[in-house]
Amino acid sequence: MSSAGEWVRQGAASLGISLTPRALEQLSAYVALLSKWNRVYNLTAIRDERRIVSHHILDSLAVLAHLPQGDLLDVGSGAGLPGIPIAIAQPARKVTLLDSNQKKGAFLRQAVAELGLANAQVATGRVEDFHPPRPYAVVIARAFSDLPDFLGLAGRLCAPGGAMTAMKGLYPAAEIAQLPAGWKIESAPALEIPEVGASRHLVVLRAAEPVGFPT
C-alpha cells in the first residue's frame, strides 16, 4: 500500500470508517491523480500529499455518518470534493459531480474514468442552468457559497423530504440567522478531522414544505 493509502486507512479508522481494499486503492490513486493535475490546473492550494489526505480526503469522508441515503449531487465539486471520496467509499450510492469550470470538469471526467467509478457522473455548467431528470435525495456543497445562496440556487434540486447539506468551518450562526423562509436546520454536527486543527461542521437542512421540483 502506498503512503497515501496508509494515511487514508489510518485516518478513516480514527473516524470509525472501514474502507475496502478497493476503496483504499482508489483513494490512493485519486490523491496521486490530484497531485499530478494540480501542477498544471491549480485544482487546490494544498500540494503536500499528506495534507491532501487530511484536509481533503478525510475532511470529505467525515460527513458519511451524517448523510441520508440516496442519490447525491455535489454542487461546485471543483476537484471532486467531497463527491469523489463519497462515491468511492459508498459504491452503491449514485453521485453527480457538478462544476461550472470546464478545466475542472475535464479533471473530474478523467478521474471518474481512471478510478473506475461506475456510480459517478460529471455535469459541467452553472447550478442555475442544471436541469437533471429527477431531484436528488442529498445535495451537498463544500466551500460553494453561504447558506442562503446555496438554498436559493440549489434548493430546487433537492427531492421532497431530501436534505441540503453544507460543509462549513466555524458554526455559521450569521448565515443560519438569514435562512430563507421554508427551510429549517435538522442538525449541525461538529466534525473532528484527524490532523486538521480547525473547526468543521456539517449543516443539514430540510425544506419545511416541498420545494416543488419542476417536472
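Rules and cut-offs
Residues numbered from 1 in each chain as written. Predicted model: local features only at pLDDT ≥ 70, side-chain atom pairs only at ≥ 80, totals over all residues. Heavy atoms only, no water. Helix = DSSP H or I, 4+ residues; strand = E, 2+ residues; numbered from the N terminus. Rg over C-alpha atoms; globule rule 2.2 N^0.38 Å. Buried < 20%, exposed > 50% of the residue type's maximum accessible area, 1.4 Å probe, protein only. 1 Å grid on protein atoms, 1.4 Å probe; cavity = no way out; pocket = protein on both sides within 12 Å on 5 of 7 lines; lining within 4 Å. Points joined across faces, edges and corners; volume = space filled by probe spheres on them. Nonpolar A, V, L, I, M, F, W, Y, C, P; charged D, E, K, R; others polar. Expected span 1.5 Å × (residues − 1). Contact = heavy atoms within 4.5 Å. Axes fitted to C-alpha atoms, helices over the stretch in contact; angles between N-to-C directions. Parallel < 35°, antiparallel > 145°, perpendicular 65-115°, else oblique. Left-handed = near helix turned anticlockwise from the far one by under 90°. Pairing = 2+ DSSP bridges. Right-handed = clockwise from strand over helix to strand, strands pointing away.

## Some remarks on the overall build of the protein chain
No. 1: Counting its regular elements, the protein chain contains 7 helices and 7 strands.
No. 2: A compact globule built from 215 residues should have a C-alpha radius of gyration of about 17 Å, and the protein chain, at 16 Å, falls within 12% of that.
No. 3: Summarising its shape, the C-alpha atoms of the protein chain cover approximately 50 × 30 × 30 Å along the three principal directions.
No. 4: Per-residue burial for the protein chain yields a buried fraction of 51% across its 215 residues.

## Some thoughts on empty space enclosed by the protein
In this approach a probe as big as a water molecule rolls over the atoms, and the regions it shows empty are the leftover space.
No. 1: Tallied over the full model, the rule gives 1 cavity of 30 Å³ or more.
No. 2: Taken as a whole, the largest cavity spans an internal volume of roughly 50 Å³.
No. 3: Contributing to the lining of the largest cavity are Ala141, Arg142, Ala143, Phe144, Ser145, Asp146, Leu147, Phe150, Ala166, Met167 and Lys168.
No. 4: Breaking the lining of the largest cavity down by element, the ones donating at least two residues are strand S4 (136-142), helix H6 (147-154) and strand S5 (158-168).
No. 5: Ranked by the residues each element gives to the lining of the largest cavity, the list is headed by S5, at 3 residues.
No. 6: In the lining of the largest cavity, the residues fall into 7 nonpolar, 1 polar and 3 charged.

## A closer look at helix H2 (residues 21-41)
No. 1: The terminal C-alpha atoms of H2, which comprises 21 residues, lie 29 Å apart, in line with the 30 Å expected from a rise of 1.5 Å per residue.
No. 2: Looking at H2, one finds that the buried residues are Ala23, Leu24, Gln26, Leu27, Ser28, Tyr30, Val31, Leu33, Leu34, Ser35, Trp37 and Asn38.
No. 3: Its buried side turned inward, H2 meets helix H1 (3-14), helix H3 (49-61), helix H4 (83-89) and helix H5 (102-115).
No. 4: Phi turns positive one or two residues past the end of H2, at Asn42, with a value near 50 degrees.

## Considerations on the packing of H1 against H2
No. 1: Two numbers describe how H1 lies on H2: the axes approach to 8 Å, and their chain directions differ by 120 degrees. Relative to H2, the element H1 lies oblique. For the element pair H1 and H2, the recorded crossing hand is right-handed. Seen from H1, the contacting residues are Ala4, Gly5, Val8 and Arg9; seen from H2, they are Leu24, Leu27, Ser28 and Val31.
No. 2: Of the residues belonging to the contact of H1 with H2, the class tally is 5 nonpolar, 2 polar and 1 charged.

## Notes on the pairing of strand S3 (residues 120-124)
No. 1: Judged from the 5 bridges that link them, strand S2 (residues 95-99) and S3 form a sheet pairing that is parallel. When the bridges of S3 are listed, Leu98 appears paired with Ala123.
No. 2: Each parallel crossover has a hand, and the one from S2 via H5 to S3 is right-handed.

## Structural notes on unusual backbone geometry
No. 1: Cis geometry marks the peptide bond from Leu81 to Pro82, where omega comes out at 10 degrees.
No. 2: As for its position among the elements, Pro82 is in the loop between strand S1 (72-75) and H4.
No. 3: Unusually for a residue other than glycine, Ala143 sits at a positive phi of about 55 degrees.
No. 4: Here Ala143 shows up in the loop between S4 and H6.
No. 5: A relative accessible area of 78% means that Ala143 is categorised as exposed.
No. 6: Its identity is not glycine, yet Glu195 carries a phi of approximately 65 degrees, on the positive side.
No. 7: On the secondary structure map, Glu195 appears in the loop between strand S6 (183-187) and strand S7 (201-207).
No. 8: Exposure remark for Glu195: the relative accessible area of 53% places this residue in the exposed category.

## Points about the pairing of S7
No. 1: Burial within S7 is extensive, with 6 of its 7 residues counted as buried.
No. 2: Sheet topology places S5 next to S7; 5 bridges connect them, and they run antiparallel. Its bridge partner being in S7, Thr165 is matched across the sheet by Val204.
No. 3: Pairing of S6 with S7, which is carried by 4 bridges, proceeds in the antiparallel orientation. By the bridge assignment, Ile185 is partnered in S7 with Leu205.

The values are spatial; any link to function lies outside them.
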